[in-house]
Amino acid sequence: MSSPVVIPHRPRHFFSVKNHPLSGVTTPQWIRLMRDHGSHVEIATYFPRLIFLTIMSLVNTIGAIADSVLYGRAIASQELNDEPVFILGHPRTGTTHLHNLLSRDPSFAFATTFSVGFPSGFLSCRWLAPFMGAIMDDTRPMDNMALSHDTPQEDEVATNQLSGGASPYMPLMFPKREALFRRWYSMRDGASSAEIARWKESFLYFLRKTQYAAGGKRKRLLLKSPVHTARVDVLREMFPKAQFVFIHRNPYEVFQSAVHMADAYYWQCYFQVPSAEDVQEFILYQGEYLHDAYERDIRKVKKGNKHEVRFDELNKDPLGTLRALYDALGWSANFASIRPAIESYAGSLRDFKMNAHARLSEEAKEVVRARWGNWFKDLGYDE
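Before going into details, it helps to say that this report is about the structure given with it. Note that the structure is a prediction, hence the values are computed from the model and not measured. For every chain, the first residue of its written sequence is number 1, and the numbers climb from 1 along that sequence. With pLDDT at 70 or above as the cut-off, local features in this predicted model cover only qualifying residues; side-chain atom pairs require 80 or more to be listed or tallied, and sums for whole chains, interfaces and linings still use all residues. For side-chain calculations, the full set of non-hydrogen atoms in the structure is used, while hydrogens and water are omitted.

To continue, consider the environment of His357. With respect to the secondary-structure elements, His357 resides in the loop between helix H12 (332–348) and helix H13 (362–379). Exposure classes here rest on a 1.4 Å probe applied to the protein chains alone. A residue is buried below 20% of its type maximum, exposed above 50%, and partly exposed in between. The exposure class of His357 is partly exposed, given its relative accessible area of 31%. Note on contacts: a residue pair is in contact if any heavy atoms of the two residues lie within 4.5 Å. In this structure His357 touches Gln256, Ser257 and His260, once residues within four positions along its chain are discounted. Strands are runs of DSSP state E lasting at least two residues, helices are runs of H or I lasting at least four, and both sets are numbered from the N terminus onward.

Only buried residues count toward a nonpolar core, which is a set of Ala, Val, Leu, Ile, Met, Phe, Trp, Tyr and Cys residues joined through side-chain atoms within 4.5 Å. By size, the foremost hydrophobic cluster in this structure holds 91 residues, and its most contacted members are Phe86, Phe203, Phe244, Phe255 and Phe271. With 10 residues, the top contributor of residues to this core is helix H9 (residues 276–298). Not counting residues up to four positions away in its chain, the partners in contact with Phe86 are Phe203, Leu223, His228, Leu235, Phe239, Ala242, Gln243, Phe244 and Val245. Counting 22 residues, the second largest nonpolar core, distinct from the first, contains Leu222, Leu319, Phe335 and Ile338.

On to helix H6 (residues 193–213), then. For H6, which comprises 21 residues, the first-to-last C-alpha distance of 30 Å matches the rise-based estimate of 30 Å (1.5 Å per residue) to within 8%. Within H6, burial applies to Glu195, Ile196, Arg198, Trp199, Ser202, Phe203, Phe206, Leu207, Lys209, Thr210 and Gln211. Just beyond H6, the residue with positive phi is Gly215, at close to 100 degrees. Helix span, as expected, comes to 1.5 Å for every residue beyond the first.

A few words on the packing of H9 against H13. Axis lines are fitted to C-alpha atoms, over the contacting stretch for helices. Their N-to-C directions set the angle, which ranges from 0 to 180 degrees. Relative to each other, H9 and H13 sit at 25 degrees, their axes nearing to 10 Å. If you check the angle between H9 and H13, you find them roughly parallel. Every pair of crossing elements has a handedness; the one defined by H9 and H13 is left-handed. Each of Gln280, Glu281, Ile283, Leu284, Tyr285, Gly287, Glu288, His291, Asp292 and Glu295 in H9 lies in contact with H13, whose residues at this interface are Val367, Arg371, Trp372, Asn374, Trp375, Asp378 and Leu379. Working definition: roughly parallel below 35 degrees, roughly antiparallel above 145 degrees, roughly perpendicular at 65 to 115 degrees, and oblique for all remaining angles. Left-handed describes a crossing in which the near helix is turned anticlockwise from the far one by less than a right angle; the clockwise case is right-handed.

Attention shifts here to the packing of aromatic side chains. How two aromatic rings sit relative to each other is given by the distance of their centres and the angle of their planes. Pairs were defined over the aromatic rings of Phe, Tyr and Trp, the Trp ring being its six-membered one, requiring ring centres within 6.5 Å. Orientation was assigned from the angle between planes: stacked under 30 degrees, edge-to-face over 60, tilted for the rest. This structure, assessed with the given rule, holds 23 aromatic pairs. Here Phe174 and Phe271 contribute two aromatic rings whose centre-to-centre distance is 5.5 Å and whose plane-to-plane angle is 75 degrees, an arrangement assigned as edge-to-face. Here Phe271 lies in the loop between helix H8 (251–264) and H9 and Phe174 lies in the loop between helix H5 (155–162) and H6, a separation of 97 residues in the sequence. What makes Phe174 buried here is its relative accessible area of 1%. Clustering of aromatic rings is evident, with ring pairs tying together Phe108, Tyr326, Trp331 and Phe335. Placement of a positive charge over a ring is assigned whenever Lys NZ or Arg CZ falls within 6 Å of the ring centre and within 35 degrees of the normal to the ring plane. Above the ring of Phe311, the side-chain terminus of Arg249 is found at 4.4 Å from the ring centroid.

In structure tokens form, the structure reads like this:
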């Protein structure tokens, strides 16, 4: 479904190599990606990025070999804690804020910027983590939130690399081929059994490494990737005892923030120069699909294993909102012990300024309502 274009379009960052989500790809993974999609790369425009990633793939392959030799047996035998917690929500709804807060609870294990950025070799190369500033900014390009090698991060970044592109994150590299990667959202619409197995194998391998790095299965995995919002059924099949926390936000604000993210960050990822229509359709389709898939699947999860959080309430009262979350999911016994850590982190954000966006035009509002109308209705936001 096409919509009138209502977003800015400012092609740039053609020579940028920082903050790329494939910086940790190994040579075999890079070859697979280029085999599958290389004919669609705009080489003349993005050759610096391609050269950088090719060099990085060689370095990462050494790290992957080291991890395999030094930790391969331990990773293969590592049992997973069978009660993971998944933070769900469309991109730009506050999933990172919630992830950062919950990561202060020492009962959780979580992926970090370094581990998802370099999933094949992060165990043997962890001594390199403090030097990531050479290829990564110290704040996120889209919202100026702090970014460091040990910041909690999205596991799907790792899975995308380990699987050689079996992920809906691939439109960040190939925006003109966005529709090709839609099958990776829920893996129920077009993905073959072999493709699903490919994603699962990569995902579980990364989780075993994350669990091992955390000292074993005692800690619960705290996992956050917005695309998991469409995978509740698949994740429940893999982890019947999983719990889900869904955070949501006013759809107009989400659209504004998503547009800003695309303008501020996606240009550092592309291998193709997209049109404004390409970028806008990616934002709208993703929001539409994630919401509808979530509403379809979450009703099958029993009450004590799911909880919903409003972004504005979390932003206004993080302590009270988390207390309600802990009570709803049966974690209340832990709350008193982690309260000081949560208060300390929340206090550190007092001077943080959220992005200020221009008021949405009426035309833009109509575009959002036309595609995301179910958000307003299902989540109780006034249009």
